[in-house]
Amino acid sequence: MPAALHPYLRFPGNAREAFEFYGAALGAQPQFATFGEFGAVPPDHPAAAAIMHGSLEVTDLIRLYVSDGIEGMSPAPLATGNNITLAIMGDDEARIRDAFARLSDGGTVQIPLDTQPWGDVYGAFTDKFGIDWQMNISAPASDE
């Protein structure tokens, strides 16, 4: 997938409920992964079942992403204004790395671009205008 811009919504613990509602309304099935499944919190942590990443792919051109904002995770605390993030995702590594470098200039990097447990390269920052961004470079497809 070439680099594409997607809205990324954060909820205060009800991301699953919201995306199940949106999916039913838009005729699409949401997909979810929890903080516990990714090992981001211990299995007995209260947020283990919270949504770390969810997607709702309605069409090739309509895609929404979601997560629950949990205490101790960046960006925090969740508030109106940082509950929507612009996310650039795809496999065009040079373009996404360049966008990360240019857009984060003068801003605050919360998560430097680096390989993550799910295999992709991911990073997050707030630009100098206060807008939150995420960048995700898809891992190369396996030839298995």
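Quick caveat, the model's predicted, so the values are computed rather than measured.

Conventions we followed
- Residues numbered from 1 in each chain as written.
- Predicted model: local features only at pLDDT ≥ 70, side-chain atom pairs only at ≥ 80, totals over all residues.
- Heavy atoms only, no water.
- Helix = DSSP H or I, 4+ residues; strand = E, 2+ residues; numbered from the N terminus.
- Expected span 1.5 Å × (residues − 1).
- Buried < 20%, exposed > 50% of the residue type's maximum accessible area, 1.4 Å probe, protein only.
- Arc of directions from axis to C-beta.
- Contact = heavy atoms within 4.5 Å.
- pLDDT = per-residue confidence, 0-100.
- Pairing = 2+ DSSP bridges.
- Salt bridge = Lys/Arg side-chain N within 4 Å of Asp/Glu carboxyl O.
- Polar contact = N/O pair within 3.5 Å; in protein donor to acceptor, adjacent residues only side chain to side chain.

Visitor: Which parts of the structure should I look at to understand helix α1 (residues 15-26)?
Guide: What sets the pattern is the α-helix's 3.6 residues per turn: residues three or four places apart point alike. With 12 residues, α1 should reach 16 Å at 1.5 Å per residue; the first-to-last C-alpha distance of 16 Å fits that figure. Taken together, the buried positions of α1 are occupied by Ala 15, Ala 18, Phe 19 and Gly 23. In a view along the axis of α1, the buried residues occupy a sector of 130°, so they form one face of it. Exposed residues on α1 whose side chains face more than 90 degrees from its buried face are Glu 17, Phe 21, Ala 24 and Ala 25. Packed against the buried residues of α1 are β1 (4-11), β2 (31-34), β3 (51-57) and β4 (63-68). One or two steps after α1, the chain reaches Gly 27, where phi turns positive at roughly 75°.

Visitor: I keep staring at the confidence of the model for the protein and nothing clicks. Help me out?
Guide: Interpreting fine coordinate detail is not advised for predicted regions of low pLDDT. On average, the protein scores 86 in pLDDT, and the residues at 70 or more come to 90%. Mean pLDDT across the elements of the protein bottoms out in β1 (84) and peaks in strand β6 (residues 108-115) (95).

Visitor: Is there a simple way to think about the pairing of strand β8 (residues 132-137) in this case?
Guide: Where a strand is regular, its side chains alternate between the two sheet faces. Of all six residues making up β8, six are buried, and the element is well covered by its neighbours. As paired elements, strand β5 (residues 84-90) and β8 share five bridges and run parallel to each other. Across the sheet, residue Ile 88 finds its bridge partner in β8, namely Met 135. Relative to β8, strand β7 (residues 121-126) runs antiparallel, the two sharing six bridges. Along β8, the bridge assignment pairs Ala 124 with Gln 134. Linkage of β7 to β8, two consecutive antiparallel strands, is achieved through a turn of five residues, within which Gly 130 is found at a positive phi near 90°.

Visitor: Help me understand the pattern of salt bridges, please; the structure alone is not making it clear to me.
Guide: Between side chains of opposite charge, pairing is possible as soon as their charged atoms come close. Scanning the model with the defined rule gives three salt bridges in all. The partner of Arg 97 in a salt bridge is Glu 93, with the nearest N and O atoms 2.8 Å apart. Taken together, the residues Arg 97 and Glu 93, both in helix α2 (residues 93-104) and four residues apart, mark about one turn of the helix. Assessed through its relative accessible area of 39%, Glu 93 is described here as partly exposed.

Visitor: What's the story with the environment of Asp 132 in this structure? I'm lost.
Guide: The residue Asp 132 is located in strand β8 in this model. Placed 25 residues apart in sequence, Asp 132 and Gly 107 show a C-alpha to C-alpha distance of 9.6 Å. A polar side-chain atom of Asp 132 sits 2.6 Å from a polar atom in the side chain of Thr 126.

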